[in-house]
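Coordinate analysis (summary)
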Amino acid sequence: MIKLNLKDANIRYKKLGLGKNTDSCTAEQPHTVKHNRHNVACKLNYCNGGQSEKRVGYYGICSENIIRYNIEEKHREWCSNPECRCYLYYSGKTTYQGIINDYPEEWPCYESVTLMNWKVSAGNNKDGTPRKIKNAEEKSLCVLTTLLPKTKEEERIIIAAFIIDEVFTGDDETAGYVAANDDYCLDFSLNEAKQLHFWDYYANPKSPDQKAWKTGLIRYFNDEIAAKILLRMVEVKSDKEGKQKARNMLDYYVKLHKGLNNHTT
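1. As for the pattern of salt bridges
- In the structure shown here, the tally under the stated rule is 8 salt bridges.
- As a salt-bridge pair, arginine 55 and aspartate 187 come within 3.4 Å of each other at their nearest N and O atoms. Of this pair, arginine 55 sits in the loop between strand 1 (39–43) and helix 2 (64–73) while aspartate 187 sits in strand 5 (residues 177–187), and the two are 132 residues apart along the sequence.
- The class for aspartate 187 is buried, based on a relative accessible area of 18%.
- The partner of glutamate 192 in a salt bridge is lysine 237, with the nearest N and O atoms 3.1 Å apart. Within this pair, whereas glutamate 192 is found in helix 6 (residues 190–193), its partner lysine 237 is found in the loop between helix 7 (223–236) and helix 8 (240–256), the two being separated by 45 residues in sequence.

2. So, the pairing of strand 1
- Along strand 1, 4 of the 5 residues are buried, which leaves the element largely enclosed by surrounding structure.
- When strand 1 meets strand 6 (residues 218–221), the two strands line up antiparallel, connected through 4 bridges. Considered in strand 6, the bridge of cysteine 42 is made with isoleucine 218.

3. Focus on the sheet that holds strand 5
- Taken together, the 6 strands give an open sheet; going across it, the order is 2-5-4-3-1-6, and neighbouring strands pair in mixed fashion. Looking at which strands have only one partner, the edges of the open sheet turn out to be strand 2 (119–121) and strand 6. Between one strand axis and the next, the sheet turns by 35 degrees as a mean value, whatever way the strands run.
- Packing of helix 8 onto the sheet brings it into contact with strand 1, strand 3 (141–146), strand 4 (157–168) and strand 5, and relative to strand 5 it is tilted by some 125 degrees.

4. Things to note about the packing of aromatic side chains
- Evaluated as defined, the whole model comprises 10 aromatic pairs.
- Ring centres 5.1 Å apart and planes at 70 degrees place the aromatic pair phenylalanine 198 and tryptophan 199 in the edge-to-face group. There is no split in this pair, since phenylalanine 198 and tryptophan 199 are both buried.
- One aromatic cluster is present, formed by Phe198, Trp199, Tyr202 and Trp213 through successive ring pairs.
- Taking NZ or CZ as reference, arginine 55 lies 4.1 Å from the ring centre of tyrosine 59, over its face.
- Across from the ring centre of tyrosine 177, 4.0 Å away, lies the NZ or CZ of lysine 119, which sits over that ring.

5. Thoughts on the side chain of lysine 243
- Mapped onto the elements, lysine 243 comes out in helix 8.
- Buried charge without a salt bridge: lysine 243, with glutamate 235 as the nearest opposite-charge side chain at an N-O distance of 7.8 Å.
- A polar contact of 2.8 Å, which involves the side chain of lysine 243, links it to the backbone oxygen of lysine 237.

6. Quick word on unusual backbone geometry
- Each neighbour pair has its own omega, and for tyrosine 103 with proline 104 the value is 5 degrees, a cis peptide bond.
- Mapped onto the elements, proline 104 comes out in the loop between helix 4 (96–102) and helix 5 (114–117).
- For lysine 150, which is not a glycine, the phi torsion comes out positive at approximately 70 degrees.
- By secondary structure assignment, the location of lysine 150 is in the loop between strand 3 and strand 4.
- The phi angle at lysine 214 is positive, at roughly 60 degrees, despite the residue not being glycine.

7. Digging into the environment of asparagine 191
- Here asparagine 191 is to be found in helix 6.
- Expressed as a C-alpha distance, the spacing of asparagine 191 and arginine 55, which sit 136 residues apart in the sequence, is 9.5 Å.

8. Regarding helix 8
- An ideal rise of 1.5 Å per residue puts 24 Å on 17 residues; helix 8 measures up with 24 Å between its terminal C-alpha atoms.
- Of all the residues in helix 8, the buried ones are Gly242, Lys243, Ala246, Arg247, Met249, Leu250, Tyr253 and Val254. Angular distribution of buried residues about the axis of helix 8 spans 155 degrees; they occupy a single face of the element. Pointing more than 90 degrees away from the buried face of helix 8 are the exposed residues Lys240, Glu241 and Lys255.

9. Here's the deal with helix 2
- Those residues of helix 2 lying buried are Ile66, Ile67, Tyr69, Asn70 and Ile71.
- For helix 2, the secondary structure elements touched by its buried residues are helix 3 (85–90) and helix 4.
- Downstream of helix 2 by one or two residues, histidine 75 has phi in the positive range, about 50 degrees.

Definitions and cut-offs
Residues numbered from 1 in each chain as written. Predicted model: local features only at pLDDT ≥ 70, side-chain atom pairs only at ≥ 80, totals over all residues. Heavy atoms only, no water. Salt bridge = Lys/Arg side-chain N within 4 Å of Asp/Glu carboxyl O. Helix = DSSP H or I, 4+ residues; strand = E, 2+ residues; numbered from the N terminus. Buried < 20%, exposed > 50% of the residue type's maximum accessible area, 1.4 Å probe, protein only. Pairing = 2+ DSSP bridges. Axes fitted to C-alpha atoms, helices over the stretch in contact; angles between N-to-C directions. Contact = heavy atoms within 4.5 Å. Phe/Tyr/Trp six-rings, centres within 6.5 Å; stacked < 30°, edge-to-face > 60°. Lys NZ or Arg CZ within 6 Å of the ring centre and 35° of its normal. Lys, Arg positive; Asp, Glu negative; His and termini not counted. Polar contact = N/O pair within 3.5 Å; in protein donor to acceptor, adjacent residues only side chain to side chain. Expected span 1.5 Å × (residues − 1). Arc of directions from axis to C-beta.

This is the structure we're talking about:
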C-alpha cells in the first residue's frame, strides 16, 4: 500500500473524523449518515469515447460496439432516441465516420463531452422537459460514476471527480448542471477507476445494505464520505503528477471546509 504522508494532515483529518494521518486509505464499511453537505455523485451511461491509457472515456464518440451495446442491450433512453446521432448511425441513416466528422460541434450526448467540458448536466425527462439539480453546492465535491459493460450495480466505479465551481439549478428551458473548478479536476485510467468502488463509500440513507441506484441521476453525500473518497484517489493514482494533483484536491477541499467537524455525524 502507498503511504500518503500528506503535509500537516493529522489535525485536518482528525477534524474530518478520520483519525490521524493514515498509512493507507483502505475503505471502511459505508454507514448511513445525515447528508448535511451537498457533495454530489452523478450516474453516467458508459461512454468509451477517447479512451486511452490515462482516461476511461467520456471524451469523444463511443466506439461502434458500445453504441450497439447501449442501444441493443442497455436500451439507453437517449441512445435509442431517433434524434440521437448515434441512433441515426445505428439505423443506417448516417455513417459512423459522419458523426465523428461532425464532432464536437454536433455532439450526440452529454457523456461524449463530459471530460472535455468538465460539466455534468441533469439532462431531460422522458417528456423532454429539463431536469433540475436542486441541492448541489459550490466548493463541494462531484464524483462521476458508471458501470462498465456487463457489470452489475454493485460494481459501480468512479471515473472522475472535481470541485464544483458553478451550479445552475435549471429552469423551464435548460437542464441544471454543475461545472468544475479547472484547477481541481481529476480523471482516472481504467485500471485506476476499477479500484474506486462507489459503494465502498456511499450507502443509501433509507436502505444502507442495498447497493442500488434505481431512479435519478444524482446522489448526495456528506464531507466525511467526500474526504475518504479523496484519500482513496490519492492512493490509486499511479503517476507522480496525478498523485500530486489528487493530493492538491484533498488539501484544497479540507482547507475550504475548516469547520467540517461541525457538519459530520
